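Chain by chain, the residues run as shown.
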Amino acid sequence: MQNNTMPCNEATRRTERSRVLRCVHSLGVLAFLYAMFGARFCLAQPMRPTKNTIQLTDVTRESGIDFVHSSGASGVGYIVEAMTGGIALFDYDADGLIDIFFCDGAPLKGSKESPDQLHHRLYRNLGNWKFQDVTEESGLKRTGYGLGAVVADYDNDGDPDLFVSQFGKNLLFRNNGDKTFTDVTLSAGVDGRYEVGAGACFLDGDNDGFLDLFVASYVEFTSENHVPVFSKGQYLMAGPQYYEKNPDHYYRNRGDGTFEDQSQRSGVGSVLGPGMGVVAADLDDDGDTDIFVAQDGSPNLLYVNDGTGRFEESGLLSGVASNYEGKINGSMGVDCADFDGDGKLDLFLTNYQSEMPVLYRNLGGGIFEDATRKAQIPTSLYPHVNWGTGFIDFDNDSFLDIFIANGHFDRVELMDDRTSLKLPNTLLRNNGQGRFVDVSRESGNGMEIVESSRAAGFDDLDNDGDVDVVILNSNAPPSVLRNDTPMKNHWLQISLRGKDCNRDAVGARVSVKVGGKTQVSEVHSGRGYQSHYGSKLQFGLGKWEEVDEVSVQWPGGARETFGEKKADQHLMLEQGGGSR
């Protein structure tokens, strides 16, 4: 304990003099280090974070989005009720505005809800924060128990296609380029078996220019093998440990609009779930795309690609199977980005109740360390279930912040007064020194919403240069949050168009040099909690009005530079348009 009493005798005064001398000595050492190492030493020291200016405003009511999610519950606590569902943010009609797709549930056995009232929804962005339900006219009106959604141009025809993982058979919708979709699930060969799906991602695993499809699997569940749990006067949802695990799936794109199931040949079919959120990225910097799978109560998986679409599961060896204590968590969502500016992609993982989220810092060579404590991720998250998440620079200060969606699926407050079924979400601001500060309660009325949130998606919905938020809330309307942070900083948005690689350039890595440092971002298809967002890359530039250089490493290894660029604009960079 710190001693706050005043000195009252000679011995105490001698002690105080000794402390002063030690302080003077320390100052001398600091001066010496500064003289030897200059600013590099100073920059390594903690700095007090600048005042938070992030403001997220709830604009759901005026947006015209009337979707109300349903888990299709019947009151007995089926395990899938907790998992639904994902969202996808993408420009389906190529008008330059990001549209919103919501997964919905369907009536489970014993439910009194009408199947006609529950279906997935697509809302077209009309601009000025107005959205129109175009589900039926777009051809996406389907009743199914939606769990996850992912978007990519799998047939390289210039428009984004949509895959939906479900409890039951999956769905693949091909975009026709005329604001409509066609269900090609059966002809493409990706319907899969009747099971509990989870997160999914498109990636070019073998670098042949066509996007393959990875689909995580959860557990072997039907209403017939349901495990009832009754406590405190209510049915609770049994965890995945009560059910058999299922293997994940890998579909190789043949390049003719069809896929071949290569789950066993690729190596992913030999590993069992229960998987949830996924992200595909080059996590070992060897030029090909790997796959990370958040596992619910089992060791997390890291499928390391050998460059040919063959994968070896290396979660334990890479340091991401568990937290630093060796504890296996109930992991939910995951995002991937370079949070500390060292050029390597890190991972942030959300987890179950009475577990901390985990920040895995990439040390290089495919090795990660648990940096959760070092980054000061707040322990206030410990009591709660965390779901959707994203590394997002909300204030464009060039440092990635973290958003976390919270909420339980049981009336847990009857058993644990530290948490609740419905909760506000969490916003952690990056202080620029590798540490995070909880600014949730000072960041606008959008952070005051109390629901049981699941998926969260992030993109610039109004093209004003900052990133907005869409949240799917379980058994409730969604939340649409407009970023009203005062625009004091500059920004740059980059979209890519592949020519020799896949058209969406999924897997491409973009580097932006500005102000003496380099920011790195990668194009991902599928991330967060079983969702899709962020195909348009966002770079916060702080005070800088121009970037020194933009460079792209395209899938397959080709590199191009695009020179200096002015800030505060959206760039479309086409492969072959730069210098090699």
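Conventions adopted
Residues numbered from 1 in each chain as written. Predicted model: local features only at pLDDT ≥ 70, side-chain atom pairs only at ≥ 80, totals over all residues. Heavy atoms only, no water. Helix = DSSP H or I, 4+ residues; strand = E, 2+ residues; numbered from the N terminus. Rg over C-alpha atoms; globule rule 2.2 N^0.38 Å. Buried < 20%, exposed > 50% of the residue type's maximum accessible area, 1.4 Å probe, protein only. Contact = heavy atoms within 4.5 Å. Areas by Shrake-Rupley, 256 points an atom, 1.4 Å probe, with all protein chains shown as cover. Lys, Arg positive; Asp, Glu negative; His and termini not counted. Charge placed at Lys NZ, Arg CZ, Asp CG, Glu CD. Domains from an automatic or database assignment. Buried area = accessible area lost by both parts, 1.4 Å probe. pLDDT = per-residue confidence, 0-100. Pairing = 2+ DSSP bridges. Axes fitted to C-alpha atoms, helices over the stretch in contact; angles between N-to-C directions. 1 Å grid on protein atoms, 1.4 Å probe; cavity = no way out; pocket = protein on both sides within 12 Å on 5 of 7 lines; lining within 4 Å. Points joined across faces, edges and corners; volume = space filled by probe spheres on them. Nonpolar A, V, L, I, M, F, W, Y, C, P; charged D, E, K, R; others polar. Phe/Tyr/Trp six-rings, centres within 6.5 Å; stacked < 30°, edge-to-face > 60°. Lys NZ or Arg CZ within 6 Å of the ring centre and 35° of its normal.

**Remarks on the overall build of the protein chain**
Looking only at helices and strands, the protein chain has seven helices and 39 strands in total. Whereas a compact globule of 580 residues would reach a radius of gyration of roughly 25 Å, the protein chain reaches 24 Å, a difference of no more than 12%. Based on the C-alpha atoms only, the size of the protein chain along its principal axes is roughly 85 × 65 × 50 Å. Classification of the 580 residues of the protein chain by burial places 58% in the buried group. Taking the intrachain contacts of the protein chain between residues at least 6 apart in sequence as the baseline, contacts between residues at least 24 apart amount to 60%. When the accessible area of the protein chain is evaluated, it comes to approximately 23300 Å², of which 50% is carbon and sulfur surface. When the 53 positive and 85 negative side-chain charges of the protein chain are each reduced to one mean point, those points stand 7 Å apart.

**A closer look at the domain arrangement of the protein chain**
Buried accessible area, meaning the area lost when the parts come together, often serves as the stated size of an interface. Structurally, the protein chain comprises domain 1 (56-491) and domain 2 (492-574). Computed over C-alpha atoms only, the centres of domain 1 and domain 2 are separated by 22 Å. Contacts between domain 1 and domain 2 engage 69 residues on the former and 42 residues on the latter. For the pair domain 1 and domain 2, the summed buried surface comes to about 3800 Å²; carbon and sulfur atoms form 48% of the total. The largest contributions to the domain 1 side of the interface with domain 2 come from Ser 398, His 490 and Trp 491, which together make up 21% of the buried area.

**Re the confidence of the model for the protein chain**
Detailed conclusions should not be drawn from predicted coordinates in areas where pLDDT is low. The pLDDT averaged across the protein chain works out to 91; a share of 91% of its residues lies at or above 70. Contacts from residues 1-49, a stretch scored under 50 in pLDDT, to residues over four places away or in other chains number 18 contacts.

**Description of the sheet that holds strand β25 (residues 401-406)**
Hydrogen bonds between backbone groups are what pair the strands of a sheet, and the pairing can be parallel or antiparallel. Taking strand neighbours across the sheet as the criterion, the four strands line up as β24-β25-β26-β27 in an open arrangement whose pairing is antiparallel. Lying at the two open borders of the sheet, with one neighbouring strand each, are β24 (386-392) and β27 (436-438). Here the average twist between neighbouring strands, direction ignored, is 20 degrees.

**Side note on the layout of surface pockets**
By volume, the second largest pocket amounts to about 760 Å³. Residue assignment for the lining of the second largest pocket shows that the elements contributing at least two residues are β2 (87-90), β6 (145-152), β31 (490-497) and β39 (569-574). With four residues, β31 is the largest single contributor of residues to the lining of the second largest pocket. Here the lining of the second largest pocket is built from residues that sort into 14 nonpolar, ten polar and twelve charged.

**A closer look at the packing of aromatic side chains**
Applying the stated criterion across every chain yields a total of 22 aromatic pairs. Arranged with centres 5.0 Å apart and planes meeting at 70 degrees, the rings of Phe 230 and Tyr 235 form a pair that is edge-to-face. Residue Tyr 235 is classed as partly exposed on the basis of its relative accessible area, which comes to 40%. Note that Arg 454 overlies the ring of Trp 387, its terminal NZ or CZ placed 4.3 Å from the centroid. A cation over an aromatic ring shows up here: Lys 543 above the ring of Trp 544, its NZ or CZ 5.1 Å from the ring centre.

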